[in-house]
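Commentary on secondary and tertiary structure
The residues making up each chain are set out below.
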Amino acid sequence: SHLEEKTQWEHPKSGKRKRVAGGLPYGWEQETDENGQVYFVDHINKRTTYLDPRLAFTVEDNPVKPTTRQKYDGNSTAMEILQGRDLSGKVVIVTGANSGIGFETAKSLALHGAYVILACRNVSRGNDAVQRILVEWHKAKVEAMTLDLASLQSVQHFAEAFKSKNVPLHILICNAAVFGAPWCLTEDDLESTFQVNHLGHFYLVQLLEDVLRRSAPARVVMVSSESHRFTEIKDSSGKLDFSLLSPSKKEYWAMLAYNRSKLCNILFSNELNRRLSPHGVTSNSVHPGNMMYSSIHRNWWVYTLLFTLARPFTKSM
């Protein structure tokens, strides 16, 4: 372990252990210096080292079961992350939860005891997702509710319907997004990528803020993207340019619109955390990974072709 400058005997992910076994190799002898530190002398090759030469001949120790405090990497699944967690009594909303990352997130939370609401634009697909979760565990507490982020009125109706349940809200995961969508205006006369990816979620959080604060400790998770780095929302004088957020058809480029919406996600999450964390509500933005294969490319055949070509190198849901 280069960080701690000592030998790390337990594998951080698998939990398997190694240990030193047997005596020193032929020709080696253990000595102690004037400071009381152990060192090793190789009489054959005439060299001295403080590194135990037996490290080259370690053997497997009795493997131990990985703990929930293990480190995770790109091969970890949502179920592994939640291993050992009991989320009974927790209420969670996941937007865009009928497929992709949203579905896997909702399923994993539900299978660990949380009451999960799948907030979906198409409630029929949402109900199908609910049934797929119930097939895995018939006692899962899952429900689909209609939420169309392209309609601020729909966002308001969803918030009112949720509040009418008189339940707390411990986790709000803003996951739904569109990518590579052609230019079009929503019923609120805003560019659709900006409204679906950012403004709809912004409004949803505002409407549910009081419930989150009453449910503290609570959290908001914004699913953003590393692509936020490849854009700007300021004009030449350094001031926020509102025309870039909801551009006209002439000024629209799908990839840039996506990047800007993801940048807005992060700025919003940071400010939300600054304002609400003193009240027990934290907010974090997350990049889910570049090599994830989901259905986010469905809006344009070019992106579908690119995603298909990259499929052998991507992580499956």
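Residues numbered from 1 in each chain as written. Predicted model: local features only at pLDDT ≥ 70, side-chain atom pairs only at ≥ 80, totals over all residues. Heavy atoms only, no water.

As annotated in an unreviewed UniProt entry, the chain is WW domain-containing oxidoreductase from Pelecanus crispus. Its UniProt record gives the chain a comment under Sequence similarities (unreviewed entry), which states: "Belongs to the short-chain dehydrogenases/reductases (SDR) family." (UniProt positions renumbered as here; feature names shortened; annotations may be inferred.)

1. Thoughts on the overall build of the chain
Check the secondary structure of the chain and you find 8 helices and 11 strands. For the chain, the proportion of its 317 residues judged to be buried stands at 39%. The long-range share in the chain, meaning contacts at least 24 apart out of those at least 6 apart in sequence, stands at 66%. Total accessible area computed for the chain in this model is approximately 18500 Å², and 53% of it derives from carbon and sulfur atoms. (Helix = DSSP H or I, 4+ residues; strand = E, 2+ residues; numbered from the N terminus. Buried < 20%, exposed > 50% of the residue type's maximum accessible area, 1.4 Å probe, protein only. Contact = heavy atoms within 4.5 Å. Areas by Shrake-Rupley, 256 points an atom, 1.4 Å probe, with all protein chains shown as cover.)

2. Re the sheet that holds strand 8 (residues 141-146)
Taken in spatial order, the 6 strands line up as 8-7-6-9-10-11 in an open sheet, and their pairing is parallel. Each having just a single partner strand, strand 8 and strand 11 (281-286) make up the two edges of the open sheet. Here the average twist between neighbouring strands, direction ignored, is 15 degrees. The sheet contact formed by strand 6 (residues 91-95) and strand 7 (residues 115-120) spans 5 bridges and is parallel. (Pairing = 2+ DSSP bridges. Axes fitted to C-alpha atoms, helices over the stretch in contact; angles between N-to-C directions.)

3. Quick look at the UniProt feature "domain: WW" (unreviewed entry) in the chain
Within this structure's numbering, the places UniProt gives as "domain: WW" (unreviewed entry) are residues 22-55. The straight-line gap between the two end C-alpha atoms of residues 22-55 is 11 Å; of that span, 0% is helix and 38% is strand.

4. Some points on the sheet that holds strand 4 (residues 47-49)
Strand order across the open sheet formed by 3 strands is 2-3-4, with antiparallel pairing between neighbours. If you trace the sheet from one side to the other, it starts and ends with strand 2 (28-32) and strand 4, each paired once. Shown here is a sheet whose adjacent strand axes are inclined to one another by a mean of 25 degrees, direction ignored. Bridge count between strand 3 (residues 38-42) and strand 4: 3 bridges; the pairing is antiparallel. Among the inter-strand pairings, V41 is bridged to a residue of strand 4, identified as T48.

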